[in-house]
Number of protein chains: 6
Amino acid sequence: MPETLMNRMSWVAYRDRVQDGGSPVFLPVGATEQHGPHLPLGTDALLASAVSESAARLVDGIVAPAFAYGFKSQPKCGGGNHFCGTTSLDAQTLAAQVRDAVREFARHGVTRLVIVNGHYENQWFLIEGIDLAMRELGPTSPLTVMRLEYWDFFTPETLAKVFPDGFPGYALEHAAVMETSMMLHFHPDLVRLDLIPDDPPADFPPYDIYPTRTDWVPPSGVLSSAKGASRDKGQAMADEVAKLIATAVRTEFGLGPAL
Amino acid sequence: MPETLMNRMSWVAYRDRVQDGGSPVFLPVGATEQHGPHLPLGTDALLASAVSESAARLVDGIVAPAFAYGFKSQPKCGGGNHFCGTTSLDAQTLAAQVRDAVREFARHGVTRLVIVNGHYENQWFLIEGIDLAMRELGPTSPLTVMRLEYWDFFTPETLAKVFPDGFPGYALEHAAVMETSMMLHFHPDLVRLDLIPDDPPADFPPYDIYPTRTDWVPPSGVLSSAKGASRDKGQAMADEVAKLIATAVRTEFGLGPAL
Amino acid sequence: MPETLMNRMSWVAYRDRVQDGGSPVFLPVGATEQHGPHLPLGTDALLASAVSESAARLVDGIVAPAFAYGFKSQPKCGGGNHFCGTTSLDAQTLAAQVRDAVREFARHGVTRLVIVNGHYENQWFLIEGIDLAMRELGPTSPLTVMRLEYWDFFTPETLAKVFPDGFPGYALEHAAVMETSMMLHFHPDLVRLDLIPDDPPADFPPYDIYPTRTDWVPPSGVLSSAKGASRDKGQAMADEVAKLIATAVRTEFGLGPAL
Amino acid sequence: MPETLMNRMSWVAYRDRVQDGGSPVFLPVGATEQHGPHLPLGTDALLASAVSESAARLVDGIVAPAFAYGFKSQPKCGGGNHFCGTTSLDAQTLAAQVRDAVREFARHGVTRLVIVNGHYENQWFLIEGIDLAMRELGPTSPLTVMRLEYWDFFTPETLAKVFPDGFPGYALEHAAVMETSMMLHFHPDLVRLDLIPDDPPADFPPYDIYPTRTDWVPPSGVLSSAKGASRDKGQAMADEVAKLIATAVRTEFGLGPAL
Amino acid sequence: MPETLMNRMSWVAYRDRVQDGGSPVFLPVGATEQHGPHLPLGTDALLASAVSESAARLVDGIVAPAFAYGFKSQPKCGGGNHFCGTTSLDAQTLAAQVRDAVREFARHGVTRLVIVNGHYENQWFLIEGIDLAMRELGPTSPLTVMRLEYWDFFTPETLAKVFPDGFPGYALEHAAVMETSMMLHFHPDLVRLDLIPDDPPADFPPYDIYPTRTDWVPPSGVLSSAKGASRDKGQAMADEVAKLIATAVRTEFGLGPAL
Amino acid sequence: MPETLMNRMSWVAYRDRVQDGGSPVFLPVGATEQHGPHLPLGTDALLASAVSESAARLVDGIVAPAFAYGFKSQPKCGGGNHFCGTTSLDAQTLAAQVRDAVREFARHGVTRLVIVNGHYENQWFLIEGIDLAMRELGPTSPLTVMRLEYWDFFTPETLAKVFPDGFPGYALEHAAVMETSMMLHFHPDLVRLDLIPDDPPADFPPYDIYPTRTDWVPPSGVLSSAKGASRDKGQAMADEVAKLIATAVRTEFGLGPAL
């Protein structure tokens, strides 16, 4: 199986793959953010990278090094940026990273770029970074970019299985069933099931307050319980998302059907 | 042995280490840059991370996720930014990343931060990023930052052994004996000794020209030969640099002597 | 009834209200964006302003002039930024506007600021602008900011009445039942019911593509039908949202109960 | 009469006017700034908008939503930025707003753009914003921009009538005869003639001092007396400026003579 | 006579003067801009520097190195930025220079800083740069800054003598009688009286057009005739402005009367 | 001999030289930085300007006004930014200056631009400024830029003569033999040989610490002794560097051999 990780390939090998082979490049974007006492700070980057790798393997793709820091954690979807360990970037920094990377991949001759987001708070700054790069590249550039939040690929069937008591929505799914299950699949050694807290789901009003009302957030940083997580769920989710991302890549980028 | 990698630790474990234990935090900064046909694109981030880990283990330190993209490769020290695969950031982006990270580590209660640079071109933008953060934090902040380029720790004795025919200087040491030896030590599976090119060392005039004179640079991207590289040299270098960085950290940050 | 609009008050009157009376200040943020053939380009700013006024009247508040331009329209929630008439700001511009305004309101002695968002795409740049300002003001500032998207205040009961066939989600609610009903209530002369298009709801894949796939979006710019809109629904929604925002303001800002 | 205000038009109607009809677009830029005890904080945006509307009606033009916040008030022309209620933007924010808006109008197919400034302090940042946009659009763009401060259109004859005792210059004309008269014409309900202060005209040295010497400025914020203001003067000024701007637009943009 | 020029003093000498002696520091800001065929491109920086030196000598002041590049030349006051040789900065660059310099002078212990502008177009960006620095320094900083355009110090008596046929206003005074006379006084070897063009004064409409209407500007770049210039006039102006600036500095900065 | 200094030439003369004659333009970049008690604060800009002039005279070149302020002084090469008198710019400001200037020279029709750096700390921000400008100008621009640090032109023979006891390296050569000798040649009146301190050379560890460890740096600010400086050495160095820069310019820019 050919190498999937860009940082393990020589530039010559990379060049051959993207220029001659038209390999799509996947750029994972994560965060360094508290994920409760049972998941590691690197969860978002680890999952974005793992999902990227799984999908890349299905389309002869290449995975670029992840952006391991993301936008400021928000109380309602990441617990808030007051937690120790959460290490965040200003909006402009994150958008500039993405703009610079897109500009460089275009220079390499990459025409198929997939930006895989693993941190809810990143989305709009990825959008801006891509937009700034595309404006700079101009309408004649052959580059097409796909941007995705991987959890948007889960089907209703899968969600129904993973959340038999009903899906609480992605915002509250921070350090909860979905991420814990996926981590149990990809990085079981990094999950401490014994430390999953027993907090009830967080309940937020329909507005935000600044400075952060830290008492809105459970001290553990977990927004809804991860008790229902399992490795089997994680594998099912991981397989589905990789397969569906690969299908989307093939469809949108004019690649042939899967082998 | 306690966990060294921040992205594999929960926020609770991280907090205990940095707030109660005063653990120093190491932030590796690398690049995604051509390193000839025999070394991978991720060499600089891989080595900065590996050096950080080795040193961190000696001082009960924690290694934060690396910044995997660096400043634009220059012909005389990295081959130039025209190579396919080299993926670089604008100066402001890189400095802003560092500024944001330093600000966040200070918020965590980190008082001992070590920024370990593995890409020659990064140095001055790290300086600026740190300065912007320190200015923002103000003179009462308890944070102290150490910034280093790891190769500056090699002793003359080691350089004499590694370069028996004389040390060509760090600028030309791109994808050459030093980096290849270190990679043979840390990541032997990523080195293709059979592909080391036979180019004579690059010879540059005492000025730079823009747009880049690409014909100044060997097409392989290697500025001086890596033929003299060996795993033993790499191990000697790696051990020395880890030990000396650990000593510097203990001295400057008022930690006790090594156990 | 005292004047509600800041731009119609003298600075002396404004000062007395905010410094002596502790009046909350509402800052509406909208957009200039296509809203189909039946709603005007100013819909988002008009609605954010109208909602702000309605709520302000209930809490002796003041409404600052709206930011009338917003972040770039996205295909899935605003039709996309390729439409003629849609007039958008870069992320940094929008965040800077908000940062500057918050800084100034703090200087005025305002301690209760409510930022009322009327354009889905603005949310994260408002968050960043507020965060930048709060960081600059420092932890001793007496200013508290509430940020809200007004549609998050609708209760399930109201949504059930407004969308008897099921709520399609706020993203697709662009120029559709909610906004059309609210405009019928606040600005009936600006709604052209006869021009409501008959397009089926837009159906988007779980990713985005850049450059924008304009064929994903109905040529009218309407993402789901506005046929079910009515003035009565608009009035019910407007009344509810004003009342609930006022309640939230009173609760969070320590104002007494409504008169 | 066709609709003049962009925010009240659908995108379809707007598109037809600017793309097919070549309608000029007017962009008013004002401020939120103290204007003494007798004029409202919104005076500059209200007047820039009113002047734009009057002129637009004469040339089948469209008026975009005003930028309602402007550059920092200066002691010698706006009283200074220390007044409560004055709400100002940093230079870069204001220039970026204008740059973004010009870029977007160009994308719409607008070829005739008129930026109408109603706040003395804005001028140079409008210049920069326009320049940044024109540089980005490049020399092949069909867009032409006219920028004007509306008061520069008053003829010596009018000034002689409005200021029978001699014209003090526009800098001191803050919240004074000109603006008060214009407001009496356009927004009589917002003028409190009874509150016009009796301060003598401010007298400034030929330099500025930072931090602001607030004692140079009358506490009322009025730099010269508005006692001579009248609605008739306001009407005469308003009519003249609208007519002359319309003539300039027709001349510079190659429109036919007035109907 | 003690040294006046900062760049010719050692840091020790400078420190003694500003920290012990409280010497005011003058920072000249000019431009590199066409000044017709008879004056050099450096006119604005040369005059700002010369005026600064003359004034500094009267108050034991120190003159910092000039900022030799200024904001973009405008048609109505500098001929426009389309001239060859005119070398201008973006607004943000100029404001950032000033901000950085003010920050540094404050760090030196300078409490009396005089920014002497010699280029009409610079004024508002100096204002912004000073404001950004003062905001950063905070209200407890002992630094006071005076900003001036040197021509604002000419008295009506002097203007009457220099312009016996009436003063055309400073905007048109580009490369004309004032600047040519001052240059004849300070730098007679750089003035080519024989090359003064005979163009009639430029006549501008009350608005600006972008892209620049280059045909509004005389091809020589001179906006009104310099024919009336003389060395005597230059000396009278130079003496007056130095004396009056020195008086202002003494008054505002609490220095004793002139020796 | 034709005029060499741009700021002493009219725009007409400048235009003829650069557009018709293809004269190279030299842009000196220096600093305002402590250089010990025996050299002036302006040393770096004075030397960069003097070297530029000497070289320009050999190739019919033009010297633009120097950028007189540079990047923040670092302990190991300039003593550190804590010295009184050292007046530094942020990285972004310096890079933006250079970007703006390169853009403007390109507009003038300059095709041969030489940026002459006289301050060690500037190098990487000049690189970034040039890169930003070249990217903006695009690949079709006829402009070529040469960037150099003048001391890189000294030959081993010269270094051997200047440093008979061995060359300490350029970093420590701050206010030491090289700069003092060059100043004795170009500006003997600004050198106080009697004040050369007797400090031993500074000895730095292989890392940097922030906030600056000011006790690492001799209080004089001199990093190695200037005792060996002489005017003869200065002249030899100055002659060599001018000649070799001129040769490089002729070679790289396709000018004929020296007359």
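Coordinates for the structure precede this section.
Right, let's walk through the structure included here. (Residues numbered from 1 in each chain as written. Chains lettered and ligands numbered in written order. Predicted model: local features only at pLDDT ≥ 70, side-chain atom pairs only at ≥ 80, totals over all residues. Heavy atoms only, no water.)

**Considerations on the relation of the copies chain A and chain C**
Mapping chain A onto chain C leaves a residual RMSD of 0.0 Å; the transformation is a rotation of 180 degrees accompanied by 0.0 Å of translation along its axis. The superposition operator between the copies reduces to a two-fold rotation axis. Comparing contact sets, 100% of the residues at the interface of chain A also lie at the interface in chain C, consistent with an isologous, same-surface contact. (Least-squares fit on C-alpha atoms with pLDDT ≥ 70 in both. Contact = heavy atoms within 4.5 Å.)

**A look at the arrangement of the chains**
Without any contact between them, chain B and chain D keep their closest C-alpha atoms 17 Å apart. Regarding chain C and chain F, the two do not touch, and the least distance separating their C-alpha atoms is 17 Å.

**Side note on the pattern of salt bridges**
One pass over the structure, following the stated rule, counts 132 salt bridges over all chains. Between A:Asp189 and B:Arg8 there is a salt bridge, with the nearest N and O atoms lying 2.8 Å from each other. One end of the pair, A:Asp189, is in the loop between helix 7 (177-186) and strand 7 (208-210); the other, B:Arg8, is in the segment before helix 1 (11-20), on a second chain. Its relative accessible area of 31% is what places B:Arg8 among the partly exposed residues. D:Arg57 is the partner of D:Glu53 in a salt bridge, and the nearest nitrogen-oxygen pair spans 2.9 Å. Linking D:Glu53 with D:Arg57, this pair stays in helix 2 (residues 43-58), spanning four residues, or about one helical turn. The structure contains a network of salt bridges with shared partners spanning A:Lys72, A:Asp90, B:Arg99, B:Asp100, B:Arg103, B:Glu136, C:Glu128, C:Asp131 and C:Arg135. (Salt bridge = Lys/Arg side-chain N within 4 Å of Asp/Glu carboxyl O. Helix = DSSP H or I, 4+ residues; strand = E, 2+ residues; numbered from the N terminus. Buried < 20%, exposed > 50% of the residue type's maximum accessible area, 1.4 Å probe, protein only.)

**Observations concerning the packing of aromatic side chains**
Residues and elements named next belong to chain B. Overall, the coordinates contain 75 aromatic pairs over all chains when judged by the stated rule. Ring centres 5.1 Å apart and planes at 70 degrees place the aromatic pair Tyr 150 and Trp 151 in the edge-to-face group. The two residues Tyr 150 and Trp 151 agree in class, both being buried. (Phe/Tyr/Trp six-rings, centres within 6.5 Å; stacked < 30°, edge-to-face > 60°.)

**Description of unusual backbone geometry**
In this chain, D:Tyr210 is followed by D:Pro211 through a cis amide linkage whose omega measures 0 degrees. Its identity is not glycine, yet E:Asp60 carries a phi of approximately 55 degrees, on the positive side. Relative to the elements of secondary structure, E:Asp60 occurs in the loop between helix 2 (43-58) and strand 2 (62-63). Relative accessible area serves as the criterion here: at 37%, E:Asp60 is assigned to the partly exposed category.

**Side note on the sheet that holds strand 5 (residues 112-117) of chain F**
The five strands lie next to each other as 7(B)-6(F)-5(F)-1(F)-2(F), forming an open sheet whose pairing is mixed. What marks the edges here is a single partner per strand, and that holds for strand 7 (208-210) of chain B together with strand 2 (62-63) of chain F. With two bridges connecting them, strand 1 (residues 25-29) of chain F and strand 2 of chain F associate as parallel partners. Opposite F:Val25, over in strand 2 of chain F, you have F:Ile62 as the bridge partner. Of the strands in this sheet, strand 7 of chain B together with strand 1, strand 5 and strand 6 (144-149) of chain F are in contact with helix 5 (residues 123-137) of chain F, which crosses strand 6 of chain F at around 175 degrees. (Pairing = 2+ DSSP bridges. Axes fitted to C-alpha atoms, helices over the stretch in contact; angles between N-to-C directions.)

**Some details on the relation of the copies chain A and chain B**
Both copies of the chain are tied together by a single rotation about an axis and a shift running along it. Superposing chain A onto chain B takes a rotation of 180 degrees combined with a translation of 0.0 Å along the rotation axis, leaving an RMSD of 0.0 Å. A share of 100% of the interface residues of chain A reappears at the interface of chain B, consistent with the copies meeting face to face through the same patch.

**Section: the interface of chain A and chain B**
Contacts between the two partners involve 53 residues from chain A and, on the opposite side, 53 residues from chain B. Buried surface at the junction of chain A and chain B, both sides included, amounts to about 3,900 Å², of which 57% is carbon and sulfur. A per-residue breakdown of the area chain A buries against chain B is headed by A:Trp11, A:Tyr69 and A:Cys84, which together make up 20% of the total. The tally of links from chain A across to chain B stands at six salt bridges. Between the two partners, chain A and chain B, sit 32 residue pairs in polar contact (both at pLDDT 80 or more). If you list the elements that add at least two residues to the side of chain A that touches chain B, you get helix 1 (11-20), strand 4 (88-89) and helix 4 (91-108) of chain A. Counted by class, the side of chain A that touches chain B contains 25 nonpolar, 19 polar and nine charged residues. (Buried area = accessible area lost by both parts, 1.4 Å probe. Polar contact = N/O pair within 3.5 Å; in protein donor to acceptor, adjacent residues only side chain to side chain. Nonpolar A, V, L, I, M, F, W, Y, C, P; charged D, E, K, R; others polar.)

**A short note on helix 4 (residues 91-108) of chain F**
All names here are of chain F. Counted at 1.5 Å a residue, the expected span for helix 4 with its 18 residues is 26 Å, and the 26 Å between its end C-alpha atoms agrees. Here helix 4 lies mainly inside the structure; 15 of its 18 residues are buried. The first or second residue beyond helix 4 is Gly 109, which carries a positive phi of 95 degrees. (Expected span 1.5 Å × (residues − 1).)

**Describing helix 2 of chain D**
Helical geometry: 3.6 residues make up each α-helical turn, so side chains three or four residues apart lie on a common side. All names here are of chain D. Compared with an ideal rise of 1.5 Å per residue, which puts 16 residues at 22 Å, helix 2 spans 23 Å between its outermost C-alpha atoms and is within 8% of the ideal. With 13 of 16 residues buried, helix 2 lies mostly within the body of the structure. Phi for Asp 60, located one or two positions after helix 2, is positive at around 55 degrees.

**A closer look at the sheet that holds strand 5 (residues 112-117) of chain B**
An order of 2(B)-1(B)-5(B)-6(B)-7(F) is seen for the five strands of this open sheet, with the pairing classed as mixed. Each having just a single partner strand, strand 2 (62-63) of chain B together with strand 7 (208-210) of chain F make up the two edges of the open sheet. Bridging between strand 1 (residues 25-29) of chain B and strand 5 of chain B involves five bridges; their strand directions are parallel. Within the sheet, the bridge partner assigned to B:Val29 lies in strand 5 of chain B and is B:Asn117. Strands in contact with helix 5 (residues 123-137) of chain B are strand 1, strand 5 and strand 6 (144-149) of chain B together with strand 7 of chain F; relative to strand 6 of chain B, the strand with the most contacts, it is inclined by about 175 degrees.

**What about the pairing of strand 5 (residues 112-117) of chain E?**
Working note: regular strand, side chains alternate between the two faces of the sheet. All names here are of chain E. Of all six residues in strand 5, six are buried, a share of seventy percent or more. What you see with strand 5 is no split at all: Arg 112, Val 114 and Val 116 on one side and Leu 113, Ile 115 and Asn 117 on the other are buried throughout. With six bridges joining them, strand 5 and strand 6 (residues 144-149) adopt parallel strand pairing. Residue Asn 117 lies in a different strand from strand 6, and its bridge partner there is Glu 149. For the crossover that starts at strand 5, traverses helix 5 (residues 123-137) and ends in the parallel strand 6, the hand is right-handed. (Right-handed = clockwise from strand over helix to strand, strands pointing away.)

**Topic: the interface of chain A and chain C**
Size of an interface: often given as the accessible area lost when the parts come together. Contact residues are listed per partner, giving 36 residues for chain A and 36 residues for chain C. Together, the buried faces of chain A and chain C total about 3,200 Å²; carbon and sulfur atoms form 57% of this surface. Per-residue buried area on chain A facing chain C is highest for A:Trp124, A:Tyr207 and A:Tyr210; these three make up 25% of the total on that side. Connecting chain A to chain C are 10 salt bridges. A salt bridge links A:Asp90 to C:Arg135; its shortest N-O distance comes to 2.9 Å. Looking at the side of chain A that touches chain C, the elements that each hand over two or more residues are helix 4, helix 5 (123-137), strand 6 (144-149), strand 7 and helix 8 (231-252) of chain A. Here the residues of the side of chain A that touches chain C are counted per class, giving 22 nonpolar, three polar and 11 charged.

**Observations concerning the packing of helix 7 (residues 177-186) of chain C against helix 8 (residues 231-252) of chain C**
Residue and element names in this part refer to chain C. Across the interface, helix 7 lies against helix 8 with an axial gap of 7 Å and an inter-helix angle of 90 degrees. It follows from the interaxial angle that helix 7 and helix 8 lie roughly perpendicular. Between helix 7 and helix 8, the contacting residues are Val 177, Met 178, Ser 181, Met 182, Leu 184, His 185 and Phe 186 on the first element and Arg 231, Lys 233, Gly 234, Gln 235, Met 237 and Ala 238 on the second. The residue makeup of the contact of helix 7 with helix 8, split by class, is seven nonpolar, four polar and two charged. (Parallel < 35°, antiparallel > 145°, perpendicular 65-115°, else oblique.)

**Quick word on the packing of helix 2 (residues 43-58) of chain A against helix 7 of chain A**
Residues and elements named next belong to chain A. Two numbers describe how helix 2 lies on helix 7: the axes approach to 11 Å, and their chain directions differ by 60 degrees. Comparing the axis directions of helix 2 and helix 7 gives the class oblique. The hand of the helix 2/helix 7 crossing is left-handed. Contacts from Thr 43, Asp 44, Leu 46, Leu 47, Ala 50, Val 51 and Ser 54 in helix 2 reach Glu 179, Met 182, Met 183 and Phe 186 in helix 7. In terms of residue class, the contact of helix 2 with helix 7 is built from seven nonpolar, two polar and two charged. (Left-handed = near helix turned anticlockwise from the far one by under 90°.)

Everything listed here is a matter of coordinates, which is why it stays silent on function.
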